Number of protein chains: 4
Amino acid sequence: MTLRYFTAGESHGPGLTAILEGMPSHVPLNLSQINQQLARRQQGYGRGDRMKIESDSVRITSGVRHGKTLGSPIALWIENKDHAAWADEMSPVAVRGFQSKRCIFYPRPGHADLNGGLKYDHTDLRNVLERASARETAVRVAVGALCLQFISTFNVSVTAHVIQIGGVGISKGRPDFSVINQKQQKSPVRCIDDAASKKMMAVIDKAKKAGDSVGGIFEVIFSGIPTGLGSHVQADRKLDAIMARTVMSIQAVKGVEIGMGFLAAELLGSKVHDGIYYDRKNKKFRRRTNNAGGFEGGMTTGENIVIRGVMKPISTLLKPLESVDVHTKKTCRASVERSDICAVPAAAVVAENILCIDVASAILEKFGGDSLKEVLKNYGAYCKYLSTCYPARHK
Amino acid sequence: MTLRYFTAGESHGPGLTAILEGMPSHVPLNLSQINQQLARRQQGYGRGDRMKIESDSVRITSGVRHGKTLGSPIALWIENKDHAAWADEMSPVAVRGFQSKRCIFYPRPGHADLNGGLKYDHTDLRNVLERASARETAVRVAVGALCLQFISTFNVSVTAHVIQIGGVGISKGRPDFSVINQKQQKSPVRCIDDAASKKMMAVIDKAKKAGDSVGGIFEVIFSGIPTGLGSHVQADRKLDAIMARTVMSIQAVKGVEIGMGFLAAELLGSKVHDGIYYDRKNKKFRRRTNNAGGFEGGMTTGENIVIRGVMKPISTLLKPLESVDVHTKKTCRASVERSDICAVPAAAVVAENILCIDVASAILEKFGGDSLKEVLKNYGAYCKYLSTCYPARHK
Amino acid sequence: MTLRYFTAGESHGPGLTAILEGMPSHVPLNLSQINQQLARRQQGYGRGDRMKIESDSVRITSGVRHGKTLGSPIALWIENKDHAAWADEMSPVAVRGFQSKRCIFYPRPGHADLNGGLKYDHTDLRNVLERASARETAVRVAVGALCLQFISTFNVSVTAHVIQIGGVGISKGRPDFSVINQKQQKSPVRCIDDAASKKMMAVIDKAKKAGDSVGGIFEVIFSGIPTGLGSHVQADRKLDAIMARTVMSIQAVKGVEIGMGFLAAELLGSKVHDGIYYDRKNKKFRRRTNNAGGFEGGMTTGENIVIRGVMKPISTLLKPLESVDVHTKKTCRASVERSDICAVPAAAVVAENILCIDVASAILEKFGGDSLKEVLKNYGAYCKYLSTCYPARHK
Amino acid sequence: MTLRYFTAGESHGPGLTAILEGMPSHVPLNLSQINQQLARRQQGYGRGDRMKIESDSVRITSGVRHGKTLGSPIALWIENKDHAAWADEMSPVAVRGFQSKRCIFYPRPGHADLNGGLKYDHTDLRNVLERASARETAVRVAVGALCLQFISTFNVSVTAHVIQIGGVGISKGRPDFSVINQKQQKSPVRCIDDAASKKMMAVIDKAKKAGDSVGGIFEVIFSGIPTGLGSHVQADRKLDAIMARTVMSIQAVKGVEIGMGFLAAELLGSKVHDGIYYDRKNKKFRRRTNNAGGFEGGMTTGENIVIRGVMKPISTLLKPLESVDVHTKKTCRASVERSDICAVPAAAVVAENILCIDVASAILEKFGGDSLKEVLKNYGAYCKYLSTCYPARHK
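Since we're looking at a predicted model, the values are computed, not measured. Chains are numbered independently. Their residues run from 1 in the order of the written sequence. Both sets of labels track the order of writing: A upward for chains, 1 upward for ligands. Side-chain atom pairs in this predicted model are given and counted only at pLDDT of 80 or more, local residue features only at pLDDT of at least 70, and totals for whole chains, interfaces and linings cover all residues. Excluded from the side-chain calculation are hydrogens and water; included are all heavy atoms of the structure.

J.: How should I be thinking about the overall build of chain A in this particular structure?
T.: Regarding its fold elements, chain A presents 11 helices and 18 strands. The globule rule puts the C-alpha radius of gyration for 395 residues at 21 Å, and the 23 Å found for chain A is close to it. By principal-axis analysis of the C-alpha atoms, chain A measures approximately 80 × 50 × 40 Å. Of the contacts formed within chain A by residues at least 6 apart in sequence, a portion of 70% connects residues at least 24 apart. Roughly 12600 Å² of accessible area belongs to chain A as shown, and the carbon and sulfur atoms make up 52% of that amount. Side chains of chain A carry 54 positive and 37 negative charges; the gap between the two charge centres is 5 Å. In this text, helices come from DSSP runs of H or I with a minimum length of four residues, and strands from runs of E with a minimum of two, each type numbered from the N-terminal end. As defined in this context, the radius of gyration uses C-alpha atoms, and a globule is described by 2.2 Å times the residue total to the power 0.38. The contact rule is simple, with two residues in contact once any of their heavy atoms fall within 4.5 Å. Shrake-Rupley sampling with a 1.4 Å probe provides the accessible areas, and residues are treated as covered by the protein chains on show and by no other component. Residues counted as positive are Lys and Arg, residues counted as negative are Asp and Glu, and His and the chain ends are not counted. Here the site of a charge means atom NZ of a Lys, CZ of an Arg, CG of an Asp or CD of a Glu.

Shown next as structure tokens:
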């Protein structure tokens, strides 16, 4: 069973909803771990004031009983804490005599405001931006955090860190997964290089002063991934392509790369491809390097998945960009909505969590099963097969 | 109706099949234009000898009558010209007494051989590589070329060119769409910069001599795109993410970026976002720049779509990489299968064509309709609406 | 855009959730009309006591602002009014020291209890029945009622009535759509034949006394349907098949038929097929009869859609059936859960509403569009085309 | 992995194509067994002359090597033997100076001609009927026959028989699966009741003489089905609803029922639901009866699946029905296209085969796995679990 989900909810509406379909039964769920991911998403140097208001917490209203999944669809709810102040503005039902004071008629470059307004025939562009806002990722992260708990039972781990902000990058080379995972927690910008971390904060401070914003690059790493998730047989079953889509679906992301990524355009094949050897101790085919970032032919190699995304600078500037009054068509300054200076650390957390949905889905597709025990049993049988193949020349 | 399609076929099997579902009726199809795209895909400096054998041509066996689509599914067939030499090896039915002489037991790093073999329990890795091969893209290109003819009726045009090979890049800045389109046709590596073009060929020559291979970066540009394709409302409806997935699904692609892409991590927001103005003559909202590459909020802005992909160097090296005999687990050199030195120009053609499927699908989703006339009528009404909105302050 | 939706929620959990994806913007929504459908679903002679407790009302938490859809996903929430009494039993989070008193170990024949328990490895079969319960249809009806408001703007109407209960059927022949629609409202069993209505109630009373239950047949009729929804070109696009699936997906439904249905097995073709004539006044191709129930080749003919479903008798009997203690495997009487005697009138309301989702989806697929105005414009253009075709011999 | 497939092809075009996606590797395929199903489909008392021309045989062009599946998509091709006579009429490419002599301007009631023509803007209705024709089922049967070979390895068997034609039904009660399977092969109308069989043929003869046609009811039975395929958790995962859709998607089918079906509207619950007992010898929960037809809560119970469909009489009558010239709108007689008198035995074969696709897909969804061995291993582990649960009171 492939996992399926939808999210719903506007940024200042009553709250965010998600339904996740296809999770097997008997998966133990820890609410506080989900809330911890929501908190991580809200942190990060460069976030605006709204983050302090929110402190998201998720409520599960179905599909789980006494802390374990039932196999039925899981509904998630995250209240928008500041909805009270917007109750009339964002009321689902008509409010007698209401006159909006927060209409947006000056579309913000970089946002969905203008093309969304044209597409859906909205004059008040708030009707677009409320949904297009990255606020939506809160509940997607919750879905992902839930999937993370599932894949953890297969010894899959994930971490994410920031490798560039506003032109400041970290030094080349990467420490081990566990070191990255530890270090990213300690930096206000989730950067494992202390010197770069400080420079990144300085860049953010400078942008803030200038009424400007900055973007950056984050990297997500999965370890413990089984060999053979995804498939080469049809374009839409390639897991690297599915995960690239997921990263690109994060608000403001403009690029994604796996393993060596764009650097592969500069090197010879002999410097790019990862030599194969056999690890007799662990009875496993392994690679000398991992330039492929864990994927060959759309399938996992069993090495770590390494995937990066680039987030453009936040589109709402305190020093607003050139825009147009949609009615008069006269040039004006774009509307200003409360916003962040830099959200790359948050994007890293978003990517880390929502990519878990893809991995969980790929695991379920490969191993089948309706209860956690059954999925684990099938997974275990596959691991055993892997450690004994290829036994001899047969066809 | 969203377009749907599947491809099927092994590299040395009888041929490649595709079925395309959802194309409206009355679309005029020109077979020779499809074959022309197939020919473009086979060209490019750095391709191996197989390309000379092939000279693909497509046969349409359903869904089209007297050169016009019927609205029913379109089946495409491309014969594998060299199948004759492989008839027994790749026979779908059992061949009495047959002993394969072309088994692959030494997986090639960078290819799907090893993880595909493990996943599908194939000892002879040929059972994987025959499908994982980029040969599959021939019929995907045919599907795309067919979609291109559909979107052309909406004045959408597309082109592609190569901007980097083996570390040699073109100079910054881009001429107009039409210039790019013309120039890419004249370069053996589809590079619009003559000097770079020559250097790229030199890099390829050098790699060839060394038994090595090179990768590179290609760029696809769509012009004439209507505003408002795709949607911001759900992660899986973002057209930029869908197109990123498509690029990443091309064999050997390891990264994809849109508009400014990864460069956006280095600049301030005020240098990235595209100011909005109103073009009174054409009654259209326009952008001063197009750093967004035609997308905001997962929707088209009406500016050109600009999307790039990076292709890693070809994985089959004449000077083969370290591998393992899958039975003995002893270190060996990877198998060698006839191959190219560089396929970046081909990848550009592949991307250019298959991205047309996404655009065609997005057009059909937005405008509905079952005959070309109906789709065009709905599209025309939308264009008219766009040129008159927003008429006055209403809600 | 095809409509997509999921529901979530257990029968005695906190509540039911649904997310509906793909509804265009600017559709006016009337909450009280949705609640009215929920009330209709709860009525009907033969329902148990729970119906009196509930009195469902829906809350919309996203996708709608000031009574109009935004184009973004719509989240619906229906509280389970009796959850308070089940708060610990059905708590999503662990409850310290909790010992369930409502475990189900004796599976009820006719329900999902046993095979659901085996599939999902649930010993307490409550973990299955809470989701398998027809309680789920409350929120599906809400989704459908919302779609009904959308299709109403295209002059599509729908009604449903009960034509058989426990072997008591109505007399042959049908009055007009509007008469059926009026009469079904007045009968406690939604039966338009007064005499039959009384007999049906008597059958229900008798079953109740005997601790037994009864089923029956309902019929749903759509009028105002445009010609050409659905398609013949691929099996999964046939709208009659899609609607048959929808009816069969209603809890306890065991059969579905369209138009003449199973009776067609008894008659000659000349008595079955509906002669075609041209209605010059309305410029429309029409049928002498409607034995096809509004479908030919998986597409709507423009005549009324007529679809029937059979609901088996309620599976929970007060006089319980033979079962087995799942632990001891000893024969026992099935568990008894509060239930109805007959729910056929409710099933009629469920079918009527949820079939509106299919019709709305087919309309959106045919006409495209992102705002109600755009969909209506495209629809209007198609109607105009229909009234003028085929103008002359062309190809 | 869920199975996915498309078919393509017009009735008198070059041939029919299908692509089946998701079949695991190492499934042994026997071409002659597929062709045998194609032959069964072409037989049956009441078929027209075309059946004698055809004698379909399938060619597999990908996804299979030396008689075993590779795990990659399987492409199927069935040539239309009489295409030669239609080469110009149905040519995919333009034919210089061609004037069609086989245009259809008088739509046939009961067929897709009229609404398909209006939907797709076809004046020559041949452009609709060529695809709407039941000829398409030939390749769907081939896909199904292939799936049958897969599910056979799980000890699943299937058969189908005709229980009513033109009002003549078989006597009540059913012999065992194996008896039905044997007997249906010997009757020219696939009827297991010899007396009824003769009467059915007489009814067909009579209809033929009168230039008329007849329909009927067929029944498909699966034995050996594992408990717990499908799911109750979401409407679109109910396997009974999926299979109902499949039956309804067969050309000319107007109703479908499972188990007791419409008869359940006449009986008390205590006479309908199937008592549960434990079969200690086989360590299996069993049912006293199988009125549910193998489904409860959208999931298989492990008892035989019993599903019936009703086929309306063939729509093309030698004594044609009232129609309209689409240009002049004047009343006329419908066009006559070569056709059958009765195709119910063929429909039984079609249903039998294509329902195997649903069962195969449900098996793959439940058990996962990419090679036959892996799927079988997971299936075996589940069977073992079933035979030992529920071991003791645990939660």
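Moving on from the model shown.
J.: Any chance you could explain the packing of aromatic side chains here in plain terms?
T.: Two descriptors summarise a pair of aromatic rings, namely the distance from one centre to the other and the angle between the planes of the rings. Between 30 and 60 degrees the pair is tilted, below 30 it is stacked and above 60 it is edge-to-face, where a pair is any two Phe, Tyr or Trp rings, Trp via its six-membered ring, whose centres lie within 6.5 Å. Considering all chains together, one arrives at 32 aromatic pairs over all chains under this definition. Ring geometry for C:Y382 against C:Y385: centres 5.8 Å apart, planes inclined by 35°, an arrangement best described as tilted. With C:Y382 and C:Y385 both in helix α11 (residues 372-388) and 3 residues apart, the pair spans about one turn of that helix. When sorted by exposure, C:Y382 lands in the same class as C:Y385, which is buried. We call a charge positioned above a ring when the Lys NZ or Arg CZ atom is no farther than 6 Å from the ring centre and deviates by at most 35 degrees from the ring normal. Here B:K119 stacks its cationic end above the ring of B:Y120, 5.7 Å away from the centre of that ring. Seen from the ring of C:W86, C:R102 lies directly overhead, with NZ or CZ sitting 3.8 Å from the centre. Classification of residues uses two cut-offs on accessible area relative to the type maximum, computed with a 1.4 Å probe and protein chains only: under 20% is buried, over 50% is exposed, and between them is partly exposed.

J.: Would you take a moment to explain the pairing of strand β16 (residues 305-311) of chain A for this structure?
T.: Each regular strand carries side chains that alternate between the two faces of the sheet. All names here are of chain A. For β16, the tally of buried residues reaches 7 of 7 residues, placing the bulk of the element in the interior. Burial along β16 is two-sided: the face carrying I305, I307, G309 and M311 and the face carrying V306, R308 and V310 are both buried. Following DSSP output, two strands are said to pair if at least two bridges run between them. Bridge count for strand β10 (residues 216-223) against β16 is 7 bridges, and the pairing is antiparallel. Within the sheet, the bridge partner assigned to F218 lies in β16 and is G309. As defined by bridge partners, strand β11 (residues 253-258) adjoins β16 across 5 bridges and the pair is classed as antiparallel. Its bridge partner being in β16, V256 is matched across the sheet by G309.

J.: How do you make sense of the relation of the copies chain B and chain D when you look at a structure like this?
T.: The least-squares superposition of copies is restricted to C-alpha atoms, and to residues with a pLDDT of at least 70 in both copies. Expressed as a screw transformation, the operator carrying chain B onto chain D has a rotation angle of 180° and an axial translation of 0.0 Å, and the superposed copies differ by an RMSD of 0.0 Å. When the rotation and shift are considered jointly, the pair of chain copies conforms to a two-fold rotation axis. Among all residues of chain B, the minimum C-alpha distance to the rotation axis is found for B:I19, at 3.7 Å. A share of 100% of the interface residues of chain B reappears at the interface of chain D, consistent with the copies meeting face to face through the same patch.

J.: What's the story with helix α5 (residues 137-152) of chain B in this structure? I'm lost.
T.: Helical geometry note: an α-helix holds 3.6 residues per turn, so side chains three or four residues apart project in the same direction. Any helix carries an expected span of 1.5 Å times its number of residues minus one. A rise of 1.5 Å per residue sets the reference length of α5(B), with its 16 residues, at 22 Å; its end C-alpha atoms lie 21 Å apart and thus fit the reference within 8%. Burial within α5(B) is extensive, with 15 of its 16 residues counted as buried.

J.: Where do I start with unusual backbone geometry in this structure?
T.: Negative phi values dominate among residues other than glycine, just as trans dominates among peptide bonds. Residue and element names in this part refer to chain C. Cis rather than trans, the peptide bond between C389 and Y390 has omega equal to -5°. Along the chain, Y390 turns up in the segment after α11. The phi dihedral of H66 falls on the positive side, at around 50°, and the residue is not glycine. Within the secondary structure, H66 sits in the loop between β5 (64-65) and β6 (68-70). Among the residues examined, H66 registers a relative accessible area of 17% and is labelled buried.

J.: Teacher, can you tell me more about the interface of chain B and chain A here?
T.: Size of an interface, as often reported, equals the accessible area lost when the parts are brought together. Of the residues lining the interface, 118 residues belong to chain B; the matching set on chain A comes to 118 residues. Between chain B and chain A lies a buried interface of about 9600 Å² when both sides are counted; carbon and sulfur atoms form 59% of it. The salt bridge criterion pairs a side-chain nitrogen of Lys or Arg with a carboxyl oxygen of Asp or Glu, the two atoms within 4 Å. Summed over the shared surface of chain B and chain A, the result is 2 salt bridges. B:R288 is paired through a salt bridge with A:E322; the nearest N and O atoms lie 2.8 Å apart. Put simply, buried area is the surface a 1.4 Å probe can reach on two separate parts but cannot reach once they are joined, added for both.

J.: Looking at this model, I keep getting lost on the side chain of D:H83. Mind explaining?
T.: All names here are of chain D. Position of H83 relative to the elements: it lies in the loop between β7 (74-79) and α3 (113-120). Judged by its relative accessible area of 15%, H83 falls in the buried class. Counting of polar contacts relies on pairs of N or O atoms within 3.5 Å, with two restrictions inside protein: one atom must be capable of donating a hydrogen and the other of accepting it, and residues adjacent in sequence are counted only when both atoms are side-chain atoms. Only 2.8 Å separates the side chain of H83 from the backbone oxygen of H12, close enough to count as a polar contact. Residues within four places of H83 in sequence aside, it is in contact with H12, G13, P14 and M90.

J.: Please explain the interface of chain B and chain D as it appears in this structure.
T.: Each partner contributes residues to the interface: chain B has 54 residues there, and chain D has 54 residues. Taking both sides of the interface into account, the surface hidden between chain B and chain D amounts to around 4200 Å²; carbon and sulfur atoms contribute 57%. Per-residue buried area on chain B facing chain D is highest for B:F6, B:R65 and B:H66; these three make up 19% of the total on that side. At the junction of chain B with chain D, the criterion picks out 8 salt bridges. In this structure, D:K119 engages B:D370 in a salt bridge whose closest nitrogen and oxygen atoms are separated by 3.0 Å. Where chain B packs against chain D, one counts 30 residue pairs in polar contact (both at pLDDT 80 or more). Grouping the amino acids of the side of chain B that touches chain D by side-chain chemistry returns 20 nonpolar, 19 polar and 15 charged. Each residue receives one of three labels: charged for Asp, Glu, Lys and Arg, nonpolar for Ala, Val, Leu, Ile, Met, Phe, Trp, Tyr, Cys and Pro, and polar for the others, Gly being one of them.

J.: Even after reading the chapter, I still don't get the sheet that holds strand β2 (residues 15-21) of chain C, so can you show me in this structure?
T.: To summarise the sheet geometry, strands pair through backbone hydrogen bonds and adopt either a parallel or an antiparallel arrangement. Residues and elements named next belong to chain C. In space, the 4 strands of this open sheet follow the order β1-β2-β7-β4, with antiparallel pairing throughout. The open sheet has two edge strands, β1 (4-8) and β4 (58-62), and neither has a second partner. Strand-to-strand twist across the sheet, computed as the mean angle between neighbouring axes with direction ignored, equals 20°. With 5 bridges connecting them, β1 and β2 associate as antiparallel partners. Bridge assignment links Y5 to a residue of β2, and that residue is L20. To obtain each axis, a line is fitted to C-alpha atoms, and for helices this fit is confined to the stretch in contact; angles are then taken between N-to-C directions over 0 to 180 degrees.

J.: What's the story with the sheet that holds strand β6 (residues 68-70) of chain A in this structure? I'm lost.
T.: All names here are of chain A. Pairing in this open sheet of 3 strands is antiparallel, and the strands run β3-β6-β5 from one edge to the other. Of all strands in the sheet, those bounded by a partner on one side alone are β3 (25-28) and β5 (64-65). Sheet topology places β3 next to β6; 2 bridges connect them, and they run antiparallel. Among the inter-strand pairings, S25 is bridged to a residue of β6, identified as L70.

J.: Honestly, the relation of the copies chain B and chain A in this entry has me stumped. Any pointers?
T.: Note on the copies: chain B fits chain A at an RMSD of 0.0 Å, the axial shift is 0.0 Å, and the rotation between them is 180°. Looking at chain B, 99% of its interface residues are interface residues in chain A too, so the copies touch through the same face.

J.: What is the right way to look at the packing of helix α11 (residues 372-388) of chain A against helix α3 (residues 113-120) of chain B in this model?
T.: To describe two helices that pack against each other, one gives the angle between their axes and the distance between the axes. One can describe the packing of α11(A) onto α3(B) by two numbers: an axis separation of 10 Å at closest approach and a directional angle of 125°. By the criterion of interaxial angle, the relationship of α11(A) to α3(B) is oblique. Remark: the crossing between α11(A) and α3(B) carries right-handed chirality. Counting all contacts with α11(A), which are made through A:Y382, A:Y385 and A:L386, the residues of α3(B) involved are B:G117, B:L118 and B:K119. Angles are sorted into four bins: roughly parallel if under 35 degrees, roughly antiparallel if over 145, roughly perpendicular if 65 to 115, and oblique for all others. Should the near helix be turned anticlockwise from the far one by less than a right angle, the crossing is termed left-handed; should it be turned clockwise, right-handed.

J.: It is not clear to me how the state of the cysteines should be interpreted in this structure. Could you clarify?
T.: Each disulfide consists of a covalent bond between the sulfur atoms of two cysteine residues. Cysteine sulfurs are considered disulfide-paired once they come within 2.5 Å of each other. Counting across every chain of the model gives 0 disulfides over all chains. Just so you know, C:C383 is unpaired, no disulfide at all, and the nearest cysteine sulfur is the one on C:C389, 11 Å from it.

J.: Help me understand the nonpolar core, please; the structure alone is not making it clear to me.
T.: In globular proteins that are soluble, nonpolar side chains generally tend to be buried together. Among buried residues, those of type Ala, Val, Leu, Ile, Met, Phe, Trp, Tyr and Cys that are joined through side-chain atoms within 4.5 Å constitute a nonpolar core. One finds C:F150, C:F222, D:F150 and D:F222 to be the most contacted residues of the largest nonpolar core, which totals 222 residues. Among residues more than four places away in sequence, those in contact with C:F150 are C:M23, C:P24, C:V27, C:A360, C:I363, C:L364, C:L372 and C:V375. Residues A:I151, A:F295, B:V256 and B:I357 belong to the second largest nonpolar core, which totals 221 residues.

J.: I tried to follow the pattern of salt bridges on my own but got confused; where do I start?
T.: Between side chains of opposite charge, a pair can form as their charged atoms come close. This model, assessed by the stated rule, comprises 92 salt bridges over all chains. The shortest N-O distance in the salt bridge between A:E130 and A:R126 comes to 2.8 Å. One end of the pair, A:E130, and the other, A:R126, are both in helix α4 (residues 126-132), 4 residues apart, so they sit about a helical turn from each other. As far as the burial class goes, A:E130 and A:R126 line up, both buried. Linking B:R65 and D:D124 is a salt bridge whose minimum nitrogen-to-oxygen distance equals 3.3 Å. In this pair, B:R65 is assigned in strand β5 (residues 64-65) and D:D124 in the loop between α3 and α4 (126-132), connecting two distinct chains. An identical accessibility class is assigned to B:R65 and D:D124; each is buried. Salt bridges sharing partners connect three or more residues here, namely A:R4, A:E21, D:D236 and D:R237.

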